[in-house]
Amino acid sequence: MPAVTGVEIYTDGACVPNPGPGGWGAVLRFGAHERELCGGEATETTNNRMELTAPIRALESLTRKVPVAIYTDSTYVRNGITQWVSGWRRRGWITSTNTPVKNVDLWKRLDDLVSEHDVEWHWVKGHAGHPENERADRLALKGLQDSLRAAGLPVTEAKAAVQRPRKEPQPRGEGTCQATTKKGTPCPVPPRPSGLCHVHDPAVQCGVRKRNGEPCTIATGGGRCDYHR
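Residues numbered from 1 in each chain as written. Predicted model: local features only at pLDDT ≥ 70, side-chain atom pairs only at ≥ 80, totals over all residues. Heavy atoms only, no water.

Q: When you look at the overall build of the chain in this model, what are you seeing that I'm missing?
A: Looking only at helices and strands, one finds five helices and five strands in the chain. For the chain, the succession of helices and strands along the chain, N to C, is β-β-β-α-β-α-α-β-α-α. A burial count over the chain gives 43% of its 229 residues as buried. For the chain, long-range pairs separated by at least 24 residues make up 55% of all intrachain contacts whose partners lie at least 6 apart in sequence. Of the roughly 12,900 Å² of accessible surface on the chain, a fraction of 52% belongs to carbon and sulfur atoms. (Helix = DSSP H or I, 4+ residues; strand = E, 2+ residues; numbered from the N terminus. Buried < 20%, exposed > 50% of the residue type's maximum accessible area, 1.4 Å probe, protein only. Contact = heavy atoms within 4.5 Å. Areas by Shrake-Rupley, 256 points an atom, 1.4 Å probe, with all protein chains shown as cover.)

Q: Mind showing me how you'd approach the sheet that holds strand S5 (residues 118–123) here?
A: Backbone-to-backbone hydrogen bonds pair the strands of a sheet. The strands run either parallel or antiparallel. Spatial ordering of the open sheet is given by S3-S2-S1-S4-S5, a layout of five strands whose pairing is mixed. In this open sheet, the two edge strands, each paired with only one partner strand, are strand S3 (33–45) and S5. For this sheet the average axis-to-axis angle between neighbouring strands, irrespective of direction, equals 20 degrees. As judged from the five bridges shared by strand S1 (residues 7–15) and strand S4 (residues 67–72), these two strands associate in the parallel manner. (Pairing = 2+ DSSP bridges. Axes fitted to C-alpha atoms, helices over the stretch in contact; angles between N-to-C directions.)

Q: What should I look at first to understand the nonpolar core in this one?
A: For soluble globular proteins, the rule of thumb is that nonpolar side chains tend to be buried together. Among the nonpolar cores identified, the biggest contains 31 residues, and Ile 9, Leu 59, Val 68, Trp 107, Leu 110 and Trp 121 are the most heavily contacted of them. Counting only elements with at least two residues in this core, the list comes to S1, strand S2 (20–30), helix H1 (47–60), S4, helix H2 (75–90), helix H3 (104–114) and S5. Those residues within four positions of Ile 9 in sequence are excluded, and the remaining contacts are Val 27, Leu 28, Ala 58, Leu 59, Val 68, Ala 69, Ile 70 and Tyr 71. (Core = buried A, V, L, I, M, F, W, Y, C linked by side-chain atoms within 4.5 Å.)

Q: Would you take a moment to explain the pattern of salt bridges for this structure?
A: Counted according to the given criterion, the structure contains eleven salt bridges. One salt-bridge network, in which partners are shared between bridges, spans Glu 8, Arg 29, Glu 34, Glu 36, Glu 132 and Arg 135. (Salt bridge = Lys/Arg side-chain N within 4 Å of Asp/Glu carboxyl O.)

Q: Just checking my understanding: could you explain the packing of aromatic side chains for this structure?
A: Aromatic rings in a pair are described by how distant their centres are and how their planes are angled relative to each other. Counting across every chain of the model gives four aromatic pairs. A centroid spacing of 5.8 Å and a plane angle of 55 degrees characterise the contact between Trp 84 and Trp 88, whose relative ring orientation is tilted. Residue Trp 84 and its partner Trp 88 are both found in helix H2; the two are separated by four residues, about one turn of the helix. In this structure, Trp 84 and Trp 88 share a single accessibility class: buried. Note on Trp 88 and Trp 107: the rings are 5.3 Å apart at their centroids and 65 degrees apart in plane angle, and the pair reads as edge-to-face. You can see Trp 88 sitting in helix H2 and its partner Trp 107 sitting in helix H3, a full 19 residues away along the chain. Each member of the pair, Trp 88 together with Trp 107, is buried. (Phe/Tyr/Trp six-rings, centres within 6.5 Å; stacked < 30°, edge-to-face > 60°.)

Q: I tried to follow the side chain of Ser 74 on my own but got confused; where do I start?
A: Within the secondary structure, Ser 74 sits in the loop between S4 and H2. Here the side chain of Ser 74 touches Val 77 through a polar contact of 3.1 Å, landing on its backbone nitrogen. (Polar contact = N/O pair within 3.5 Å; in protein donor to acceptor, adjacent residues only side chain to side chain.)

Q: Sorry if this is basic, but what is going on with H3 here?
A: For an α-helix, 3.6 residues make a turn, and residues three or four places apart therefore share a direction. The complete set of buried residues in H3 reads Leu 106, Trp 107, Leu 110, Asp 111, Leu 113 and Val 114. The buried residues of H3 all sit within an arc of 165 degrees when viewed along its axis, so they share a single face. (Arc of directions from axis to C-beta.)

Q: Sorry, what's going on with the side chain of Thr 72 here?
A: Mapped onto the elements, Thr 72 comes out in strand S4. Within the structure, Thr 72 has its side chain in polar contact with the backbone nitrogen of Ser 74 (distance 3.0 Å).

Q: Please explain the packing of H2 against H3 as it appears in this structure.
A: Each packed pair of helices is defined by two parameters, the angle between the axes and the distance between the axes. At their nearest, the axes of H2 and H3 sit 11 Å apart, and the two run at 90 degrees to each other. With respect to H3, the axis of H2 lies roughly perpendicular. Each of Tyr 76, Val 77, Gly 80, Ile 81, Val 85, Trp 88 and Arg 89 in H2 lies in contact with H3, whose residues at this interface are Trp 107, Leu 110, Asp 111 and Val 114. Its residues assigned to classes, the contact of H2 with H3 comprises eight nonpolar, one polar and two charged. (Parallel < 35°, antiparallel > 145°, perpendicular 65-115°, else oblique. Nonpolar A, V, L, I, M, F, W, Y, C, P; charged D, E, K, R; others polar.)

Q: Help me understand unusual backbone geometry in this model?
A: Most peptide bonds take the trans configuration, and most residues that are not glycine carry a negative phi. Residue Pro 17 is reached from Val 16 by a cis peptide bond, and omega for that bond is -15 degrees. The residue Pro 17 is located in the loop between S1 and S2 in this model. Positive phi outside glycine occurs at Trp 93, with the angle close to 60 degrees. With respect to the helices and strands, the residue Trp 93 is situated in the loop between H2 and H3.

Here you go:
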């Protein structure tokens with residue numbers, strides 16, 4: 001058998017409520033060796049911060065440079081580190097819509113740690129029976145509960161809430177409109193400086209009041225549409 005040269009890391013984060021107390025967990029595997037890590041915050045945090053903290057703490061635990069495969073059920077983490085972070089760094093940690101990057105302290109730390117290793121990122125569906133993801137989820141719960149106990153706070157409701165399948169809000173893609181389509185999905189059209197695309201930005205719509213009193217939303221780039229001229 002070939003020698004094992006890389007580390008597999010499975011991470012998860014939880015927050016009850018969101019924002020609220022949170023926990024993170026990670027399972028590290030190097031050949032036949034495994035290690036479990038977890039922690040949490042009894043004060044107010046967010047699910048995304050816990051999802052980011054898990055791979056940070058896992059990478060910090062490595063004692064030497066090795067190839068690493070990280071598995072997360074957070075599209076926010078995976079897309080951020082593989083697609084958005086280089087642009088944020090280049091613009092001085094400002095998004096493409098000229099707003100400060102949220103959780104910038106954690107993104108900077110994760111970016112630094114990733115540069116120290118050969119890291120591959122993988123997304124796995126959460127609460128879908130993936131063994132290591134389920135272990136990381138349980139560790140995140142433990143981290144949350146341990147932090148609540150240390151602060152003298154009850155843990156019963158937190159356990160029930162974390163164990164229920166949670167639907168993480170889908171993050172907006174970097175460089176996409178901040179509006180929602182009629183189907184309720186994020187608009188994929190590139191935004192203007194306002195953060196909205198040419199279809200959803202009121203500044204570039206007709207805007208004339210229709211008979212029902214609602215503004216005309218036909219995209220014109222500014223000014224009236226052909227019908228209302």
